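Chain residues, written in single-letter form:
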Amino acid sequence: MGVLPAQGRPDGERLIVSASHGTASPENTSGDAVATHCPYCALQCAQTLTVTPGKRLPLEVAGREFPTNRGGLCQKGWTSAEVLRAQDRITSPMIRTADGGFREASWDEALGLISTRIEELQASHGRESIAIFGGGGLTNEKAYALGKFARTVLRTPFIDYNGRFCMSSAAAASNRAFGMDRGLGFPLADLGGADAVLVLGSNMGVTMPPFVQHLAGSRERGGLIVVDPRETVTAKLTHGDKGIHLAPVPGTDMVVLLALTHVLIAEGLVDTDYLERRTRGFDAVRRSVAGWWPERAEGVCGIAADELRRTARLLAKASPRHGGRGAYVLTGRGMEQMSQGTACVTAAINLALCLGLVGRHGSGFGPVTGQGNGQGGREHGQKSDQLPGYRMITDPAAREYVAGVWGVDPESLPGPGVPAVKLLDSLGREDGPQALLVHGSNMVVSAPNADAVIESLKRLQLLVVADLVPSETALLADVILPVTQWAEEEGTMTNLEGRIIRRRKAVDAPGEARSELWILGELARRLSVYEGFPEDPRVVFDELARASAGGKADYAGITYERLDAGEELQWPCPAPDASGKAHPGTPRVFLDRFPTPDGRATMVAVDHHAPADDVRAGARTYLVTGRVLQHYQSGAQTRRVEELNAAQPEPFVELHPLLADRIGVAEGEDVILTTARGEAVARAVLTEGIRPDTVFMPFHWAGAGSANRLTNDVTDPISGMPEFKVTAVAIAPAAFPITTVEEGVNAR
């Protein structure tokens, strides 16, 4: 469906009021319209929700004018109301029965069971026996409360979230280079004025279609550069002299970047004045890329040397140093989800710094955040090593300040935990957590080496999952807790630009569904912590703002009142100054200096290494994974929307006709894929838009067609990011159809 025209009135972030009586309407009735944002990706497209009592769905969705989506929505956004009335929506707490099924329970019984088991496990195994796994779709308020709950109620170090699978390598590289990680450090609309935009490992034409309109300017000037082993929707935007598509060998994005930087230096195209004034470490980078001349790089990444030179020169011409309108370097999961992900993003940062792009109007560097609140989720306490405001939990001053806001002794706060993959592997082991509380994540589908994750969850003595539908992870739980969805709650989100936006309630949740804020407060009281967990998200946000004050991600000057008045605020946004003047927020970061001790960006020399599970005899093909337009993340929501599921109903694998011919597979036939971790079965889709040495599989499905049964859980040594994006795979015709395989898996 792509980007659709706007159908909502362009009133920014102002609260839309009742059409009938012209006043804000907390009790929404027919005709009321509410300004909010899409529940899916980090673009956070603006929506207008109109309440429709008595109809099949409780509300209608329309696009609304906003800087990121300009009124457009993708297929997922337009159909988002369907999830509110999913046929299997969980509307009451569920407790597992002796025969393996579930029965309905009261909240009092369910929370009583959970709190009793937590107390028993802590008594027998210690406080570290309880762990939490959060999600990048939770509001800022929920993410904050979840981190606070882990550290002040459970007093466990073991909390992490699925954002570890999304942005951790980009965050690690940005913090190391710039002293701060804010995703895009500029408004998305700035892209439109650039002569060139380099996109590495992102297919936003599918994952966030309204984004594409911001690439129109660079396309008109022939400057869109897309690096991807597939000819994706985004790569096709370069056709017709609109830019360049580079299709490297999977896992060699680093080599492309090192070669481009080599050309810039060798041909005298770097911005030497900028490098001298605003960076340190250039000499080490210069020496490190000296060995990556284009001809050598071609032998590794498969991109012709002349094409690498042409790309480097195009970027240089677009840069301010050479009189261009500007250039941007954007990274995505395709290059970040690797065991060298942090180093790969660092190479992209080095390239951008050599061109003098970062911290300049009309130019820049930025990773494209994927999850709806992937940015805010990691800023306020869900990551294993962080406290609110992007403070590090190992910093004594940070611990003292946040403990003061929370009213606890700094010594009572636990130390850092472990990243997601290590946490999941430790579950149920003798020295690992024995209980796990899951909020907003479906790791059975979304985590690497999924079969091993299932075994980890089965080892637990207590698994509690809070979700709106019975996801694959929820179906393994001892207790399932029903929670509210986006249109049923108030809160804030932080989008890919660091822009704080309001999520607003339009309708009541069905049945007994409750907000995580209420759930955490009730659990805290049952665990003898009687204060500090209010249900009102406005109160929670005010505390979050205080806790973040002075941190890297400073929200201290942001209030619901300012957001509801229509102010567009991007962090950092400190508290008002001594005169009471409100801070306007920071749309563009690093314009004057970097938040490092000397105000300069740090360039770090990096080098390439092959994937941990590289092609070899018996597994001669590369597997890459990704998303399709109709589905989001694990598919727990979108697979329940009839229109989306009809358009993309089952797992598939894309392969080149040459590869299909070699293994004897025709279009539509089932193939079996085997890696060192497991097997999957999917239908073959033949396309010439992929390298003959590569196959692509989307990861939205569970069971026999689960791509993450195949992916590698080896991690980046700095970020803890698993190597989702490249692994060696053997592919062959399946001996039986996928439906038979599914039945076998279910039987086991």
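Up top is the structure these notes are about.
A brief report on the enclosed structure follows. Predicted model only: the values in this text are computed from it and were never measured.

**With respect to the overall build of the protein**
Helices and strands together make up the secondary structure of the protein, namely 25 helices and 28 strands. What you see for the protein is a C-alpha radius of gyration of 25 Å, in line with the 27 Å of a compact globule of 748 residues. Principal axes of the C-alpha set define a box for the protein whose edges measure 75 × 70 × 55 Å. Burial statistics for the protein: of 748 residues in total, 64% are counted as buried. For the protein, the share of sequence-separated contacts (at least 6 apart) that also reach a separation of at least 24 residues comes to 73%. For the protein, the accessible surface area stands at approximately 25,200 Å², while carbon and sulfur atoms represent 50% of it. Averaging the coordinates of the 75 positive side-chain charges in the protein and doing the same for the 89 negative ones gives two points 4 Å apart.

**Section: the environment of V665**
Relative to the elements of secondary structure, V665 occurs in the loop between α24 (657-663) and β25 (670-674). For V665, the contacting residues outside a window of four places in its chain are A660, V671, A684 and P733.

**Notes on the environment of G599**
Following the sequence through the fold, G599 ends up in the loop between β21 (569-570) and β22 (601-602). Judged by its relative accessible area of 10%, G599 falls in the buried class. Here the alpha-carbon distance between G599 and R278, two residues 321 residues apart in the chain, equals 7.5 Å. With residues up to four places along the chain from it excluded, the contact list for G599 reads R593 and F594.

**Focus on the sheet that holds strand β3 (residues 59-63)**
Strand order across the open sheet formed by 3 strands is β1-β2-β3, with antiparallel pairing between neighbours. Among the strands making up the open sheet, the edge pair consists of β1 (33-37) and β3. Put simply, the sheet's adjacent strands are angled 30 degrees from each other on average, direction ignored. Where strand β2 (residues 46-51) and β3 come together, 5 bridges link them in antiparallel fashion. The partner of T50 across the bridge, within β3, is E60.

**Here we look at the nonpolar core**
Ranked by size, the top nonpolar core spans 114 residues in total, and within it F149, F178, L264, V358, F365 and L481 carry the most contacts. The element best represented in this core is helix α14 (residues 341-354), accounting for 10 residues. L264 has contacts with L269, V270, A312, A316, L351, C354 and L355, leaving out every residue within four places of it along the chain.

**Concerning the pattern of salt bridges**
This model, assessed by the stated rule, comprises 46 salt bridges. One salt bridge connects R588 with D190, and the closest N-O pair in it is separated by 2.8 Å. Placement of R588 in the loop between β21 and β22 and of D190 in the loop between α4 (168-178) and β8 (196-200) is noted, with a sequence separation of 398 residues between them. Look at D190 and you get buried, because its relative accessible area is 16%. A salt bridge links D195 to R221; its shortest N-O distance comes to 3.1 Å. Placement of D195 in the loop between α4 and β8 and of R221 in the loop between α6 (216-220) and β9 (224-227) is noted, with a sequence separation of 26 residues between them. Overall, R221 belongs to the partly exposed group, its relative accessible area being 30%. A single salt-bridge network, built from bridges that share partners, covers E490, R502, R504, R538, E561 and D564.

**Considerations on helix α10 (residues 282-289)**
Among all positions in α10, only F282, V285 and V289 are buried. Buried residues of α10, seen end-on, are gathered within an arc of 60 degrees and therefore sit on one face of the element. Structurally, α10 contributes buried residues whose contacts are with α8 (253-266), α9 (272-278), β11 (279-280) and α14.

**Considerations on the packing of aromatic side chains**
Enumeration over the complete set of coordinates arrives at 13 aromatic pairs. With a centroid separation of 6.3 Å and an interplanar angle of 40 degrees, the aromatic rings of F133 and F165 are classed as tilted. Of the two residues, F133 sits in strand β6 (residues 130-134) while F165 sits in the loop between β7 (159-161) and α4, which places them 32 residues apart along the sequence. Side by side, F133 and F165 carry an identical accessibility label, which is buried. Taking the centre distance of 6.0 Å and the plane angle of 80 degrees together, the rings of F149 and F533 count as edge-to-face. Of this pair, F149 sits in helix α3 (residues 140-154) while F533 sits in the loop between α20 (516-526) and α21 (537-548), and the two are 384 residues apart along the sequence. Take F533: its relative accessible area is 9%, and that puts it in the buried class. Ring pairs connect the aromatic residues F178, F365, F590 and F594, which therefore count as one cluster. The ring centre of F533 lies 5.1 Å from the NZ or CZ of K148, which sits over that ring. When the ring centre of F696 is taken as reference, the NZ or CZ atom of R230 above it lies at 3.5 Å.

**Some thoughts on the pairing of strand β12 (residues 327-331)**
Counting buried positions along β12 yields 5 of 5 residues, so the element is predominantly enclosed. What you see with β12 is no split at all: A327, V329 and T331 on one side and Y328 and L330 on the other are buried throughout. Relative to β12, β8 is paired through 5 bridges, and the arrangement is parallel. Counterpart to L200 in the pairing with β12 is T331. Here β12 pairs with strand β13 (residues 364-367) via 4 bridges, running parallel. Note on β13: the bridge partner recorded for L330 is G366.

Parameters and conventions
- Residues numbered from 1 in each chain as written.
- Predicted model: local features only at pLDDT ≥ 70, side-chain atom pairs only at ≥ 80, totals over all residues.
- Heavy atoms only, no water.
- Helix = DSSP H or I, 4+ residues; strand = E, 2+ residues; numbered from the N terminus.
- Rg over C-alpha atoms; globule rule 2.2 N^0.38 Å.
- Buried < 20%, exposed > 50% of the residue type's maximum accessible area, 1.4 Å probe, protein only.
- Contact = heavy atoms within 4.5 Å.
- Areas by Shrake-Rupley, 256 points an atom, 1.4 Å probe, with all protein chains shown as cover.
- Lys, Arg positive; Asp, Glu negative; His and termini not counted.
- Charge placed at Lys NZ, Arg CZ, Asp CG, Glu CD.
- Pairing = 2+ DSSP bridges.
- Axes fitted to C-alpha atoms, helices over the stretch in contact; angles between N-to-C directions.
- Core = buried A, V, L, I, M, F, W, Y, C linked by side-chain atoms within 4.5 Å.
- Salt bridge = Lys/Arg side-chain N within 4 Å of Asp/Glu carboxyl O.
- Arc of directions from axis to C-beta.
- Phe/Tyr/Trp six-rings, centres within 6.5 Å; stacked < 30°, edge-to-face > 60°.
- Lys NZ or Arg CZ within 6 Å of the ring centre and 35° of its normal.

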